[in-house]
Amino acid sequence: MIIDLYWARSECAIEETSKKYGRYCKTIAHNIISNDEDAQECVNDTYLGAWKAMPPQRPNRLRVFLGRITRNLSLDKLDYKRAKKRGTEFAILLSELGDCLAAPETVESSVEAREIAQAVSSFLRDAKPEARRVFLRRYWYADSITDIARRFGMTDGKVKSLLFRTRGQLRDYLSQEGIAL
Amino acid sequence: MKEERLFRIIGDVDDDLVEDAARKPARPAFRLVTRWGTIAACFVLVLGLSLTQLASKPQLLPQSQEPTAARAEITPFPSPMGVRKFLNYNGYRYALMEDGAPYDLSELPFTGSLGILEHDILQGMDGYGDNEAASLDLAATFALGGEIYQLPGYDPAFRLAVVWEGETYLAELVGRVDNQPLDAGYFFTVSEIESHIRRIEILPHMGGEALSTVKKAQSKKLVKLLADARPAEMTETDYLALADAQSAGRSWQLALCLDDGTAVNIYLAPDLGFVSIGDNTYVLPETFQEQWGHHFDGLIQNSVPLR
């Protein structure tokens, strides 16, 4: 088990992680920063981050754990202005998330990120599986609309329509829960 | 930037949800469809008649299912695992009819295999990046290893039979594999719907009871008009308008009921002038509103897709 290798401080841990999750991490990084060199750097930093985190951490799901590190590192590396100017897929993705934000006066208070994440989890648990998976492919894995359409055997239009509805429902849900960002 | 903060927050949703979305979409286990949509109602009528009274085409009835007068809501993708059952053949995409329910077509002679479904689209879905199988001929999400045959009496460009593990399934044209628009005229030519239509039923977008029925002669005229629809170049605004129309109860499902007991279901938003046939959306001819708009006046649907 790869996690055991980390805990044993075996350098094989990184090699095995790279073999098994390298492509997965690279895809997430590339989806966010659209640059091969930077994406590879994020993946390498992910291995380093995992090395630093384990021990003491012992994640239940290594794949998600690594993906989350890659995701955060990629966001840190992203040049937002440049991405927006270039109209990258990720800039479009971020602008879509604006649909989930309620107007400030419609909610009562701001809450901690962790609580919001729990609320989003609750919302997704109640969503239809198809809508939930499509939403997470887009906003967790940062997949392009076309990749999602292929994955689920839908047209681009159907993916967009489904995402549009889910974003609206999430906005309403967060608003009902009194959550502002 | 709030959007970026929300993207980071979404990164902290529960692991099991994230893992679930990463999983290769599971190949749906074989099961009979228990829900009945529009097609069921067509069956009810045709079963009351003898085959000799009907059949310019063979009757296509899923086996092990008793027709019922009850109608249930239908969804465009009724597969329980959220993966549509479809296959690629000759550059076109076909969706399995009745969500992949087997049909009893033992009386029909199948000769000359058109190919074997050899590429697994689902397999390609567990990787990241392009799923090459999705664009290959003879690729499928269902009935892998199954053999494709021409369905006697039908143009294979419209419907195909798939024989897999001793069962026979039917698949119907929904689009092109390269996702380029499918010409509406081509769809109606290869399907010969104008020659075989019995009536058109207008249903709520989500399915359910027919709210209105268009008689045979008029149905033929409407089909002729639909064949003149041109592919829509959908913008983001158009998609949003369509979603709005659906949520506001201004989008309708039309069941084109054929003389073989099946129906081809299309979706129509008269106010916007859009019609969705298979995987494609088209702009209706300008004369549609004038000639057919009144058919939708006064129709009310109680259950609409949520926004």
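The following paragraphs examine the structure supplied in this document.

### What about empty space enclosed by the protein?
Any empty space left between the atoms is revealed when a probe the size of a water molecule rolls over them. Scanning the entire structure with this criterion turns up 2 cavities of 30 Å³ or more. Here the second largest cavity is characterised by a volume of approximately 30 Å³. In terms of lining residues, the second largest cavity is bounded by A:Lys160, A:Ser161, A:Phe164, B:Glu236, B:Tyr239, B:Leu240 and B:Ala243. Sorting the residues of the lining of the second largest cavity by element identifies α10 (156-176) of chain A together with α9 (236-247) of chain B as the ones contributing at least two each. Grouping the amino acids of the lining of the second largest cavity by side-chain chemistry returns 4 nonpolar, 1 polar and 2 charged.

### Concerning the nonpolar core
Within the largest apolar cluster, 68 residues are counted, with the highest numbers of intra-cluster contacts made by A:Phe90, A:Leu97, A:Trp140 and B:Phe7. In terms of residue count, the dominant contributor to this core is helix α2 (residues 12-33) of chain A (8 residues). Beyond its immediate stretch of four places on either side in the chain, A:Phe90 contacts A:Asn31, A:Ile32, A:Leu75, A:Leu78, A:Ala142 and B:Phe7. Membership of the second largest hydrophobic core comes to 59 residues, among which are B:Ile200, B:Leu254, B:Leu284 and B:Phe296.

### Topic: the interface of chain A and chain B
Counting from both sides, the interface comprises 54 residues of chain A and, opposite them, 45 residues of chain B. Buried surface at the junction of chain A and chain B, summed over both partners, amounts to about 5,400 Å²; 57% is from carbon and sulfur atoms. Interface area lost by chain A to chain B is led by A:Arg151, A:Phe164 and A:Leu181, which between them contribute 13%. For the salt bridge of A:Asp76 with B:Arg8, the shortest nitrogen-to-oxygen distance reads 2.9 Å. On the surface where chain A and chain B come into contact, there are 18 residue pairs in polar contact (both at pLDDT 80 or more).

### Comments concerning the side chain of A:Arg167
Residue and element names in this part refer to chain A. Within the fold, Arg-167 resides in helix α10. The class of Arg-167 is buried, set by a relative accessible area of 4%. For Arg-167, the residues in contact, after removing those within four places along its chain, are Glu-96, Leu-97, Asp-99, Cys-100, Phe-135 and Tyr-139.

### Here we look at the pairing of strand β1 (residues 86-89) of chain B
Residue and element names in this part refer to chain B. Burial along β1 is two-sided: the face carrying Phe-86 and Asn-88 and the face carrying Leu-87 and Tyr-89 are both buried. Bridge analysis of β1 against strand β2 (residues 92-96) gives 4 bridges, and the strand direction is antiparallel. Looking across to β2, one finds that Asn-88 is bridged to Arg-93.

What counts, and where the lines are drawn
Residues numbered from 1 in each chain as written. Chains lettered and ligands numbered in written order. Predicted model: local features only at pLDDT ≥ 70, side-chain atom pairs only at ≥ 80, totals over all residues. Heavy atoms only, no water. 1 Å grid on protein atoms, 1.4 Å probe; cavity = no way out; pocket = protein on both sides within 12 Å on 5 of 7 lines; lining within 4 Å. Points joined across faces, edges and corners; volume = space filled by probe spheres on them. Helix = DSSP H or I, 4+ residues; strand = E, 2+ residues; numbered from the N terminus. Nonpolar A, V, L, I, M, F, W, Y, C, P; charged D, E, K, R; others polar. Core = buried A, V, L, I, M, F, W, Y, C linked by side-chain atoms within 4.5 Å. Buried < 20%, exposed > 50% of the residue type's maximum accessible area, 1.4 Å probe, protein only. Contact = heavy atoms within 4.5 Å. Buried area = accessible area lost by both parts, 1.4 Å probe. Salt bridge = Lys/Arg side-chain N within 4 Å of Asp/Glu carboxyl O. Polar contact = N/O pair within 3.5 Å; in protein donor to acceptor, adjacent residues only side chain to side chain. Pairing = 2+ DSSP bridges.

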